[in-house]
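Structure assessment
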Amino acid sequence: MADTDKQRQLLRENMMLEGSLPRVITKMALPSIISFLITSIYNLADTYFVSGLGESAQAAISVNASLDQIIMMAGSMLAVGAASYISRLLGAKDSDKASRVLSTAFFTAALFGAVVTVLGVSFMHPMVRLLGATDTCEQFAVEYATYVLLVAPFMAANFVMNQCLRAEGSAMLSMVGMGFGGILNCFLDPIFIFNFDMGVAGASLATAISKLVSFAILVFPYLTRRSVLRLSIRRFRPSRDIVTQVVSVGSSSMFRSGLAVVSAIVLNNIAGGISDAVLAGIGVSTKVMMFPFGIILGFGTGFQPVAGFNWGAKRYDRVKESYRFASRAAILGALVMGLTLALLANQLIGVFAKSDQSAEMLAIGALCIRLQCLVLPIHGWVAVVNMFCAGLGNARGALLLSTSRQGTCFLPIVYPMSWAWGAYGVAAVQAVADLLTLTLALPLIRRVKRQIQAAADAQALERPVPGGEGA
């Protein structure tokens, strides 16, 4: 078993340090992209099947998207921070410590999920009202939240296993775990919603079962020792070094998720104050845009461990080359996706508009999609810069960009835009925020490039001069 582990690790090191970077990044990114796309599909599946129950039921699904973000907060912080540190540790050939990082993050995430379960179940009605539920959709929101809350510990742990499998180069296992759960949800939704006549609660139960199945698949390679890293309670040792590294880098993801919750709550309350149709339209457009965002995030997730591994191995030439390829691919891909979705915006929103009374939902949803598509190349490049900072352990840079899109560049403009232009301002606010993130990313990437060049210059000075002492 030890020889097999060593051989697997050597193969991974050779791929990371010697393989063609476009090919390696694509290989690492493709399973992540597929995983995110399938996740987007089953998020849309809930919205699609529930749409037959009316706009208030659809609005409730939009409201509960914020609940997913709450569960994701600590889970994603631990997942991103652990994955970044694990990539660098594996690059430095310290797999034992990398396993301790994984175990510490996994059990901490599960504990956080348990806290969310207890608090959410105890304060269910106040929680959904806070998330933006209106009088007409409150009961639907409660029904959907019920089963999702029960599996919160498993959902939080899934984030950690998903990211850490990618960090060790096992992106395919990560894809299978997340992807199979997503496909299962698409089949279970109509069964529970219509065949068992459970309505919105059926969509929630289908999602909960799918999350449990994903957990079982993701934990399997760790339990059967088919992964490079080892997961066990004995390795749960939150040392100061591990906590500092995980939190410093992962906090950017936590703040991003936290601000996403805050911005979604603010947006839901503003949109719901206009009408359930506007709330539903914004919610559906957000889930449609999860497709290009998922592809961009999946690509960045594949790029991050490659940059981090080579940074840890002091292969600065490959660090720079990986960034060049990733940024160009992200911009071009986002341009193609943006153009395609903008042209199909009406048809995409129309799938979820079941009646003539949904004209307002259709108009607002389509506008929101088109405006975000307009700035999608900017979002793609900024996401690469964000992942680049996280991969290199640049906690400040990662935090700055992670909190910008739905925080520092979003919250200051959402109320003025909604006050000035009503529903149209609500539809446009995310696109304007994406445009503003460019002003933060440009100076940041210049500093990161100077940091890499300084490290490369220092390394060159340390190398022995040919024909020196022995000449």
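Residues numbered from 1 in each chain as written. Predicted model: local features only at pLDDT ≥ 70, side-chain atom pairs only at ≥ 80, totals over all residues. Heavy atoms only, no water.

1. As for the packing of aromatic side chains
Under the criterion given, the structure shown has ten aromatic pairs. For the pair Y323 and F388, a centre-to-centre distance of 5.0 Å together with 20° between the ring planes defines the contact as stacked. A residue pair is termed long-range when its members are at least 10 positions apart, and Y323 in helix α13 (residues 316-343) and F388 in helix α16 (residues 376-391) qualify at 65 residues. Across this residue pair, the class does not change: Y323 and F388 are buried. By way of ring pairs, the aromatic residues F106, F107, F154, F215 and F236 are connected into one cluster. Geometry around F293 places R405 over its ring, the cationic atom sitting 4.4 Å from the centre. (Phe/Tyr/Trp six-rings, centres within 6.5 Å; stacked < 30°, edge-to-face > 60°. Helix = DSSP H or I, 4+ residues; strand = E, 2+ residues; numbered from the N terminus. Buried < 20%, exposed > 50% of the residue type's maximum accessible area, 1.4 Å probe, protein only. Lys NZ or Arg CZ within 6 Å of the ring centre and 35° of its normal.)

2. Some remarks on the environment of G91
Mapped onto the elements, G91 comes out in helix α3 (residues 55-91). Given the relative accessible area of 11%, G91 is considered buried. For G91 and P190, which are 99 residues apart along the polypeptide, the C-alpha to C-alpha distance reads 46 Å. Those residues in contact with G91 that sit more than four places away from it in its chain are F309 and A313. (Contact = heavy atoms within 4.5 Å.)

3. Some remarks on the nonpolar core
Core analysis: the biggest nonpolar cluster contains 72 residues, and I86, V160, F303 and F388 have the highest contact counts within it. Sequence-distant contacts of F388, that is, excluding residues within four places in its chain, are made with F303, A307, V319, Y323, I445, V448 and I452. The next biggest cluster of nonpolar side chains, apart from the first, holds 52 residues, and it includes F49, L67, M124 and L267. (Core = buried A, V, L, I, M, F, W, Y, C linked by side-chain atoms within 4.5 Å.)

4. Some thoughts on unusual backbone geometry
With a phi angle near 60°, R225 is a residue other than glycine that sits in the positive phi range. Note on placement: R225 falls in the loop between α9 (200-223) and α10 (240-274). Look at R225 and you get partly exposed, because its relative accessible area is 40%. Of note, K314 is a non-glycine position whose phi angle comes to about 60°, a positive value.

Treat this as a map of the structure, not an account of what it does.
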